[in-house]
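Secondary and tertiary structure notes
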Amino acid sequence: MKLLFASVLICLASCQNLSKNKNSTVDSKVTAKLSSFDLNKEIKNCEAQLNQAVPKLTDLSKHPRLIETNETEWKEISNGRLVWTSGFYPGILWYMYDLTKEEKWKAEAIKRTEVFEDFKTINEHHDIGFMMFPAYGNGYIFGDKKEYKDILLTSAESLASRFNPKVGTIRSWSNKMHPRWQQHITIIDNMLNLELLFWAAKNGGSKEFYDIAVKHAETTMENHFRPDYTSWHVIEYDSITGKVLNRHTKQGYADDSRWSRGQAWGIYGYTMVYRETGDKKFLEFAEKLTDKYLELLPEDYIPHWDFDVPNLENEERDASAAAIVASCLLELSTLVEDKMNQERYYNAAMRMMESLSSEQYSGVGKTDSFLVHSTGAKSLGHEIDVALIYADYYYIEALDRLQKMAHSK
Ligand code: GLY
């Protein structure tokens with residue numbers, strides 16, 4: 001497929017500044033094509049969207065979760081202990097602060113972060129990583145909020161308490177909330193929570209956090225993927241023997257179909273695990289997952305919500321999966337050594353960013369969100385063709401990564 005982008009050659013950044021990991025040792029330079037994507041314009045667009053949305057979001061006990069199809073304003077839901085999306089809104093505000101260095105975004109981010117400190121003890125599910133790291137982790141890293149350290153370390157301890165050494169993974173969900181499964185359930189999304197453990201192990205927490213994260217990634221690599229490098233969503237393990245009992249889905253079209261956001265979590269997860277460990281087997285795996293995902297994409301690089309749903313052409317897209325993958329491919333492009341792959345992953349990411357920022361997928365002029373056309377859980381009958389807060393989160397993370405790449409050029 002031909003590249004759509006203008007062929008201006010630029011040198012891109014070392015990944016030292018790209019990842020949140022300030023200790024990263026990988027320092028590769030890549031040369032790649034710059035797309036017609038206008039980064040500064042897009043940062044301004046997102047800031048304008050936030051300026052429009054933030055004054056309406058006044059209830060500190062809630063967070064914006066979605067904008068329904070054909071509506072314009074965020075639907076807010078409670079910052080509940082069971083609500084996995086609670087941390088993305090403060091996370092977005094921290095990224096906007098990092099992008100602009102405007103104090104007003106820092107003040108807003110602090111206000112929205114510090115309301116759920118007590119979530120650090122969540123041990124009833126695995127989502128504590130998704131909830132605490134975008135909020136407190138970004139605050140620690142970008143806002144210099146050193147006082148968040150203990151909160152993050154306690155959060156890591158809560159997450160680690162769900163690790164079952166007999167299985168070799170963290171237990172994602174409780175069986176009470178997901179009665180289809182009776183034993184130890186691990187979902188592919190769980191890969192993202194490992195970042196909290198890696199961070200904690202490097203920042204004064206137990207070294208065991210590192211070992212748990214690595215073991216989880218290894219076990220998942222072994223059991224969670226088909227021979228074609230696509231991911232199942234849910235694996236049920238025997239809690240005592242660690243044997244795989246079944247492979248199912250919750251949010252995909254069918255148990256054996258390929259749920260696009262699941263693949264996105266896998267790509268992001270293994271890219272991050274390689275950044276944190278330097279173990280080449282994780283890099284090679286991230287590349288295999290990526291190559292398969294790219295092969296399955298439609299022309300505009302925004303996947304349908306599941307790759308195997310019948311009548312695919314008529315099905316909804318999931319811009320959230322595209323934003324997740326765009327962000328992590330920017331990082332992957334700085335981690336791979338081969339120059340051709342550096343360019344290939346960078347160009348693929350830019351193609352996704354170009355589509356996401358286009359009239360078709362941008363919320364500008366339509367809604368209070370950065371992006372539209374995401375699908376949360378069509379198989380469960382909700383969040384179909386909507387704006388989603390986590391789509392916006394990974395999109396602004398990608399903008400932040402691009403800005404860092406441009407600055408260290
Ligand atoms: N982690 C939940 C989801 O991707 O919908």
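Above this text sits the structure in question.
Just so we're clear, the structure is a prediction, and the values are computed from it rather than from any experiment. (Residues numbered from 1 in each chain as written. Predicted model: local features only at pLDDT ≥ 70, side-chain atom pairs only at ≥ 80, totals over all residues. Heavy atoms only, no water.)

What about the sheet that holds strand β9 (residues 244–248)?
Basically, it comes down to this: Strands were regarded as paired on the criterion that DSSP finds at least two bridges between them. By the criteria applied, helices consist of DSSP H or I runs no shorter than four residues and strands consist of E runs no shorter than two, each listed in order from the N terminus. Lines fitted to C-alpha atoms define the axes, with helix axes restricted to the stretch in contact, and inter-axis angles between N-to-C directions lie between 0 and 180 degrees. Contacts: residue pairs with any heavy atoms within 4.5 Å of one another.
Across the sheet, 3 strands lie side by side as β7-β8-β9; this open sheet has antiparallel pairing. Because the sheet does not close on itself, it has two edges, and the strands there are β7 (184–187) and β9. Along the sheet, successive strands turn relative to each other by an average axial angle of 20°, direction set aside. Where β7 and strand β8 (residues 234–237) come together, 4 bridges link them in antiparallel fashion. Bridge assignment links Ile185 to a residue of β8, and that residue is Glu236. Contacts between helix α7 (residues 208–223) and the sheet are confined to β7, β8 and β9, with β8 contributing the most and set at about 105° to the helix.

So, the site of the ligand
The test is simple: When we say a residue is near a molecule or strand, we mean one of its heavy atoms is within 4 Å of it. Distance and chemistry together define a polar contact, namely a pair of N or O atoms within 3.5 Å, with one atom able to donate a hydrogen and the other to accept it when in protein, and with adjacent residues in sequence counting only for side-chain atoms on both sides. Residue exposure ignores everything except the shown protein chains as possible cover, and the areas themselves are Shrake-Rupley values with a 1.4 Å probe. Only protein atoms enter the 1 Å grid used here, on which a cavity is any set of points holding a 1.4 Å probe that cannot leave and a pocket is any open set flanked by protein within 12 Å on both sides along at least five of seven lines; residues with an atom within 4 Å of a point are listed as lining. Pocket or cavity membership: a molecule qualifies when more than half of its atoms sit within 2 Å of the grid points of that site.
Taken together, the residues surrounding the ligand are Trp84, Asp189, Gln251, Trp259, Arg261, Trp265 and Tyr390. Separating an oxygen atom of the ligand from a side-chain N or O atom of Gln251 is a distance of 2.6 Å. Between Arg261 and the ligand, the recorded distance is 2.6 Å, taken from a side-chain N or O atom to an oxygen atom. In isolation the ligand has 200 Å² of accessible area, and contact with the protein removes 93% of it. Among the cavities detected, the one that contains the ligand is the largest pocket.

Here's the deal with helix α6 (residues 194–202)
The periodicity of an α-helix, 3.6 residues per turn, causes residues three or four places apart in sequence to face the same way. As a reminder of what qualifies: Buried residues are those whose accessible area, probed at 1.4 Å on protein chains only, stays under 20% of the maximum for their type, while exposed residues exceed 50% and partly exposed ones sit between those limits.
Buried residues dominate α6, accounting for 8 of its 9 residues. Listed as buried for α6 are Leu194, Glu195, Leu196, Leu197, Phe198, Trp199, Ala200 and Ala201. Against the buried residues of α6 lie α4 (128–142), α5 (149–160), β6 (169–170), α7 and α8 (260–277). Among the residues trailing α6, Gly204 stands out with phi positive, at a value near 100°.

Brief notes about the environment of Ile128
Checked against the element boundaries, Ile128 lands in helix α4. Assessed through its relative accessible area of 0%, Ile128 is described here as buried. Taking the C-alpha atoms as reference points, Ile128 and Tyr97, 31 residues apart in sequence, are found 23 Å from one another.

As for empty space enclosed by the protein
Operational definition: Grid points are joined across faces, edges and corners, and a volume is the space filled by probe spheres set on the points.
The tally for this structure, following the rule as stated, stands at 3 cavities of 30 Å³ or more. Within this model, the largest cavity holds a volume of roughly 120 Å³. Around the largest cavity, the lining comprises 13 residues; the ones closest to its centre are Phe133, Pro134, Leu192, Glu195 and Tyr394. Here the lining of the largest cavity gets 4 residues from one element, more than from any other, and that element is α4.

Thoughts on the packing of aromatic side chains
What counts is decided by this rule: Planes of paired rings set the category: under 30 degrees apart is stacked, over 60 is edge-to-face and the rest tilted, where pairs are Phe, Tyr or Trp rings (Trp by its six-membered ring) whose centres lie within 6.5 Å.
Applying the stated criterion to the full structure yields 28 aromatic pairs. Look at Trp84 and Tyr390: their rings are 4.6 Å apart centre to centre, the planes differ by 50°, and that puts the pair in the tilted class. Linking Trp84 in the loop between β4 (75–78) and α2 (88–100) with Tyr390 in helix α12 (residues 389–407), this pair joins segments that are 306 residues apart in sequence. Like Tyr390, Trp84 is buried.

What to know about the sheet that holds strand β10 (residues 387–388)
Taken in spatial order, the 3 strands line up as β4-β3-β10 in an open sheet, and their pairing is antiparallel. With one partner strand each, in any of the chains shown, β4 and β10 form the two edges of the open sheet. Inspection of the sheet shows strand β3 (residues 62–67) paired to β4 by 4 bridges, in the antiparallel sense. Note on β4: the bridge partner recorded for His63 is Ile77.

Points about the pattern of salt bridges
Counted only if it meets this: The term salt bridge refers to a pairing of a side-chain nitrogen on Lys or Arg with a carboxyl oxygen on Asp or Glu at a separation within 4 Å.
Evaluated as defined, the whole model comprises 32 salt bridges. Among the salt bridges present, the one from Asp256 reaches Arg226, with a minimum N-O distance of 3.2 Å. On the criterion of sequence distance, the pair formed by Asp256 in the loop between β9 and α8 and Arg226 in the loop between α7 and β8 is long-range, its members being 30 residues apart. For Asp318, the salt bridge identified is with Arg261, shortest N-O distance 2.9 Å.

Topic: the pairing of β3
Among the 6 residues that make up β3, 5 are buried, leaving the element largely enclosed by the rest of the structure. As judged from the 2 bridges shared by β3 and β10, these two strands associate in the antiparallel manner. Looking at the pairing, Ile67 lines up with Ala387 of β10.

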